[in-house]
Amino acid sequence: MSHDPPQSTIEPAVFGDRSAVVKLFGGYQQEFGHAWDAGELGAVFDHMIDDTHMTLLVAREAGSGVAVGVLVASRVLSVRFGGRSLWIEVLYVAPTARRRGLGRDLVEGLIDVAVEQGFRGIDLESHHGNAAAGLLYRSLGFQRLGRERFSYDLAEEFEPQ
C-alpha cells in the first residue's frame with residue numbers, strides 16, 4: 001500500500017518566513033477590506049517572532065517549503081479558563097492553497113502546542129458569515145459562545161494634528 005507524501009508541514013515561523021508571512025498578513029487584511037502596508041506588517045512580524053507571548057505557526061508547502069498559511073495566537077491569562085490560555089488572532093491560508101486541510105492542520109498544531117505547554121483553553125472569533133470557519137472550529141471541539149466582540153482603534157489618537 002502506498003502513502004501519498006504530505007502536502008504540507010506545520011511548524012513554528014522563523015525569521016526566514018518574513019516575506020511569505022507578510023504577504024499572508026496582507027492577504028488577510030485585504031480579504032476583510034482593510035488597507036495594508038508591507039512595511040508595517042513586516043514590523044509586526046518582527047515583533048511577533050521575538051515575543052515569547054506569541055505563537056506563530058506556518059503551513060509550508062511540501063517541496064518548496066514556502067509558507068502558504070499562518071496562525072497567530074497570543075498567550076493571555078484567562079479568568080474564564082482559570083489560567084494561561086491562547087487567543088487565535090489570525091488563521092489565514094492563501095487562496096491558492098485552500099481546501100487541502102491546512103487551516104485544520106494549523107489549528108490542530110496549536111492545540112498540540114497548548115496541551116504540551118499546559119495551557120487551559122483557546123479562544124477565537126470568526127467573522128459573521130464565514131460558515132467554513134464555523135464548521136472547522138466546531139468539528140475540532142470549539143464551542144460557540146453567546147458574545148459580541150467590540151474594538152476601538154487608537155490609530156487616530158496618535159496621528160499628528
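Figured I'd write up the structure that's included with this text. Predicted model, so just to flag it, every value in this text is computed and none were measured.

**Digging into the packing of helix α3 (residues 102–116) against helix α4 (residues 131–139)**
Then, number 1: It is the contact of α3 with α4, at a shortest axis distance of 11 Å, that shows an interaxial angle of 40°. Classified by the angle their axes make, α3 and α4 are oblique. Handedness of the crossing formed by α3 with α4: right-handed. Contact with α3, carried on its side by G103, R104 and V107, involves L136, Y137 and S139 of α4 and no other residues of that element.
Then, number 2: Of the residues in the contact of α3 with α4, the class split is three nonpolar, two polar and one charged.

**Considering unusual backbone geometry**
Then, number 1: Its identity as a non-glycine residue notwithstanding, R99 has a phi of 65°, on the positive side.
Then, number 2: Tracing the backbone through its elements, the reader meets R99 in the loop between β4 (83–93) and α3.

**Regarding α4**
Then, number 1: A133, G134, L136 and Y137 are the residues of α4 that are buried. In a view along the axis of α4, the buried residues occupy a sector of 165°, so they form one face of it. Residues of α4 that are exposed and angled more than 90 degrees away from the buried face: A131, A132 and L135.
Then, number 2: Buried residues belonging to α4 abut β4, α3 and β5 (121–124).

How each quantity is defined
- Residues numbered from 1 in each chain as written.
- Predicted model: local features only at pLDDT ≥ 70, side-chain atom pairs only at ≥ 80, totals over all residues.
- Heavy atoms only, no water.
- Axes fitted to C-alpha atoms, helices over the stretch in contact; angles between N-to-C directions.
- Helix = DSSP H or I, 4+ residues; strand = E, 2+ residues; numbered from the N terminus.
- Parallel < 35°, antiparallel > 145°, perpendicular 65-115°, else oblique.
- Left-handed = near helix turned anticlockwise from the far one by under 90°.
- Contact = heavy atoms within 4.5 Å.
- Nonpolar A, V, L, I, M, F, W, Y, C, P; charged D, E, K, R; others polar.
- Buried < 20%, exposed > 50% of the residue type's maximum accessible area, 1.4 Å probe, protein only.
- Arc of directions from axis to C-beta.

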